[in-house]
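Tertiary structure, described
Here is how the chains run, residue by residue.
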Amino acid sequence: MRRGSTMLLATLLCLAIYSTVVVVADDPYRFFTWNVTYGDIWPLGVRQQGILINGQFPGPDIYSQTNDNLILNVYNSLDEPFLISWDGIQNRRNSYEDGVLGTTCPIPPGQNFTYILQVKDQIGSFFYFPSLGFQKAAGGFGGIRIYSRPLIPVPFPTPAGDYTVLIGDWYQANHTTLRQTLDNGHRLPFPDGVLINGHGSGATFNVEQGKTYRLRISNVGLQNSLNFRIQGHKLTLVEVEGTHTLQTVYSSLDVHVGQSYSVLVTADQPPNDYPIVVSTRFTSQILTGTGNLHYSNSGGPAPGPPPGGPTIQIDWSLNQARSIRQNLTASGPRPNPQGSYHYGLINTTRTIRLQNSAGQVNGKQRYAVNSVSYVPADTPLKVADYFKIGGVFRVGSIPDNPTGGGIYLDTSVLGADYRAFIEIVFENTEDIVQSWHLNGYFFFVVGMDGGTWSPASRDQYNLRDAVFRSTTQVYPNSWTAIYIALDNAGMWNLRSEYWARQYLGQQLYLRVYTASTSLRDEYPIPKNALLCGRAQGRRTRPL
């Protein structure tokens, strides 16, 4: 028996014993077994090689409830290493399970690894995806739902149905071809299409007239902001990445890459089939994917053309983003109202300004943050930190502010104190829409505007009901400011969700450090952790 299989069996045995002894009423564990394979897919009508999970593209949804423990045994049947990351899942006190190259060793071909996650104090709509190389361009992604506990009130009636809607731009080229293009120092061409649940056209959502449905929309694409709309139907926003929002009604919704939204849609029109349209934003060439809202007693296609949407209008999108706010009276994962945490009354202890840029290093295309283009280390940073292996990374290898200098290569790690309350300002001086995600955390999006940020920009901050999320957009030649309470010790990836940019250096790691060895602050390395690089051959902890 392989060492990985032996460790897995022992780990599951320990978990089974633990759950038998400790859990008396409701079992908080959910077990999943996934086999990751290649397979033929036809998302744009042309056969390509995709990455499937249990034979599915997109992969299966994860259904869970607040505080559940998720035990996911992942078998890598690909011919290359593989990792899955959990976009929006905080992995509290446990960045080892984060599933990115700076925290977790990849699963070698032909082997397995068991992720042990807890969705502690979380609700809402999220997704998982392959984080290595450019595997995300081949699939391997799926939805994550975290339902509220039964006694926690939800600020809207239970919908008649609940759908995962994964949207994203798509290439017909194989992910290895795209990766090679980037490795050769070139930019990628424009994508070939837009998908809805793995289809360029034809994804169908069944409804009954007069009933209301929840759509959990996630942009799992590679670079483009997308606009989502349904002919003749309004979208009532109710949740953004685990935060209940004011229930604002929109005719269409901009979903930037890496973001997730929940909307309610009422089937209040004559019984027909209504086009669902998803199209690229801020691009000279408009790509469109279509689906179908199908009434059970449909008389056929609805009359009229598919609904048009915004194209390059930035102010339209900015104004919509500013209108998305927390519902202060609604409960989140706990009984207390979301508004009981008065973030606007807390003084920040540090301001970090992060500016994205593009350029060339040694004749090859690179992307950077504060002039530093991230280069992966030979050992996951968190693993090296645990074993105190020197020479893998250096805290402070990226400055707190833009330097204005040329791009250079380094393994960017920004140090921060556990339990500090800080401000980060994302500055985008380029003509693209940027999207930033921070693993392990949610943050308050307190402000965004065009032009250059200055301390006077704080006068326009929303210090009362800013949305609390993990991914935020920054418009061209604009800034976005966030507040974060650093209450989750670990090594956390802060990255551009524009995937080619992330791959070529537009990312860093935030090391939230505490000297405490208490389990209340941070867990030790998992007993079943894979070890690689300079950590290979070391021991984790006794099983």
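Residues numbered from 1 in each chain as written. Predicted model: local features only at pLDDT ≥ 70, side-chain atom pairs only at ≥ 80, totals over all residues. Heavy atoms only, no water.

1. Side note on the state of the cysteines
Here a disulfide denotes one covalent bond, and it connects the sulfur atoms of two cysteines. Here is the rule: Cysteine sulfur atoms are paired as a disulfide whenever they fall within 2.5 Å. By the criteria applied, helices consist of DSSP H or I runs no shorter than four residues and strands consist of E runs no shorter than two, each listed in order from the N terminus.
Throughout the structure, instances matching the rule amount to one disulfide. Across the disulfide from Cys105 sits Cys532; the S-S distance is 2.1 Å. Across the S-S bond linking Cys105 and Cys532, the dihedral sits near -90°, which makes this disulfide left-handed. With Cys105 in the loop between β5 (84-87) and β6 (112-118) and Cys532 in the segment after β33 (507-513), the pair connects residues that are 427 residues apart, well separated along the chain.

2. A look at the sheet that holds strand β30 (residues 471-474)
Note the threshold: The criterion for strand pairing is that DSSP finds at least two bridges linking the strands in question. An axis is simply a line fitted to the C-alpha atoms; with a helix, the fit covers only the stretch in contact. Between two such axes, the angle follows the N-to-C directions and lies from 0 to 180 degrees.
On the basis of which strands lie adjacent, the open sheet formed by five strands has the order β25-β33-β32-β27-β30 and mixed pairing. Bordering the open sheet on either side are β25 (413-417) and β30, each of which pairs with just one other strand. The average angle at which neighbouring strand axes cross in this sheet is 20°, direction not considered. Here strand β27 (residues 434-438) runs beside β30; their pairing, made up of four bridges, is antiparallel.

3. Remarks on the sheet that holds strand β11 (residues 203-207)
Counted only if it meets this: Any two residues having at least one pair of non-hydrogen atoms within 4.5 Å are treated as being in contact.
Pairing is mixed across the open sheet formed by five strands, whose spatial order is β11-β20-β19-β13-β17. Because the sheet does not close on itself, it has two edges, and the strands there are β11 and β17 (252-255). The sheet shows a mean angle of 20° between the axes of neighbouring strands, taken without regard to direction. Bridge count for strand β13 (residues 226-230) against β17 is four bridges, and the pairing is antiparallel. Following the sheet pairing, Phe228 is matched in β17 by Leu253. Contacting β13 and β17, helix α3 (residues 314-323) runs over the sheet at an angle of about 90° to β17.

4. Here's the deal with α3
Condition: In this scheme, a residue with accessible area under 20% of its type's maximum is buried, one over 50% is exposed, and one in between is partly exposed, where area comes from a 1.4 Å probe on protein chains only. Regarding the arc, it is the one traced by the directions from the helix axis to the C-beta atoms.
Listed as buried for α3 are Ser317, Leu318, Gln320 and Ala321. Burial along α3 is one-sided: seen end-on, the buried residues are contained in an arc of 160°. Buried-residue contacts for α3 involve β16 (249-250), β17, β28 (443-450) and β30.

5. So, the pairing of strand β4 (residues 69-76)
Within β4, seven of the eight residues are buried, leaving the element largely enclosed by the surrounding structure. As paired strands, strand β1 (residues 29-41) and β4 are joined by eight bridges and run parallel to one another. Among the inter-strand pairings, Arg30 is bridged to a residue of β4, identified as Leu70. Where β4 and β6 come together, seven bridges link them in antiparallel fashion. Bridging across to β6, Tyr75 finds its partner in Asn112.

6. Quick notes on the environment of Ile389
Secondary-structure assignment places Ile389 in the loop between α4 (381-387) and β24 (408-410). For the pair Ile389 and His342, spaced 47 residues apart in the sequence, the C-alpha separation amounts to 40 Å. Excluding anything up to four places from it in sequence, Ile389 contacts Ala384, Arg534, Ala535 and Arg538.

7. A few points about the side chain of Arg366
This is how it is decided: Charge assignment: positive for Lys and Arg, negative for Asp and Glu; neither His nor the chain ends contribute. The salt bridge criterion pairs a side-chain nitrogen of Lys or Arg with a carboxyl oxygen of Asp or Glu, the two atoms within 4 Å. N or O atoms within 3.5 Å of each other form a polar contact, as long as, within protein, one can give a hydrogen and the other can take it, and as long as residues adjacent in sequence are counted only when both atoms are side-chain atoms.
Position of Arg366 among the secondary structure elements: in strand β22 (residues 364-369). One buried charged residue, Arg366, forms no salt bridge at all, with the nearest opposite charge on Asp183 at 7.1 Å. A distance of 2.9 Å separates polar atoms of two side chains, one belonging to Arg366 and the other to Ser373. At 2.9 Å, the side chain of Arg366 and the backbone oxygen of Tyr374 are in polar contact. If sequence neighbours within four positions are ignored, Arg366 has contacts with Ala358, Gly359, Gln360, Val361, Ser373, Tyr374, Val375, Ile407, Leu409, Leu504 and Gly505.

8. Structural notes on the nonpolar core
Within soluble globular proteins, side chains that are nonpolar generally end up buried alongside one another. Rules: The nonpolar core is taken to be a set of buried Ala, Val, Leu, Ile, Met, Phe, Trp, Tyr and Cys residues, with the residues joined through side-chain atoms within 4.5 Å.
Membership of the largest hydrophobic core comes to 64 residues, with the highest contact counts inside it found for Phe228, Ile230, Ile484 and Leu486. In this view, Leu486 contacts Ala416, Asp417, Tyr418, Arg419, Ala420, Ile422, Tyr441, Leu510 and Val512; residues no more than four positions away in its chain are not counted. If you look at the next biggest cluster of nonpolar residues, it comprises 27 residues, including Leu78, Leu83, Ile84 and Phe113.

9. Overview of unusual backbone geometry
In this chain, Phe57 is followed by Pro58 through a cis amide linkage whose omega measures -10°. Along the chain, Pro58 turns up in the loop between β2 (48-53) and β3 (62-65). A positive phi is found at Glu241, a non-glycine position, where the angle reads about 45°. Secondary-structure assignment places Glu241 in the loop between β14 (235-240) and β15 (243-244).

In short, geometric facts, not functional conclusions.
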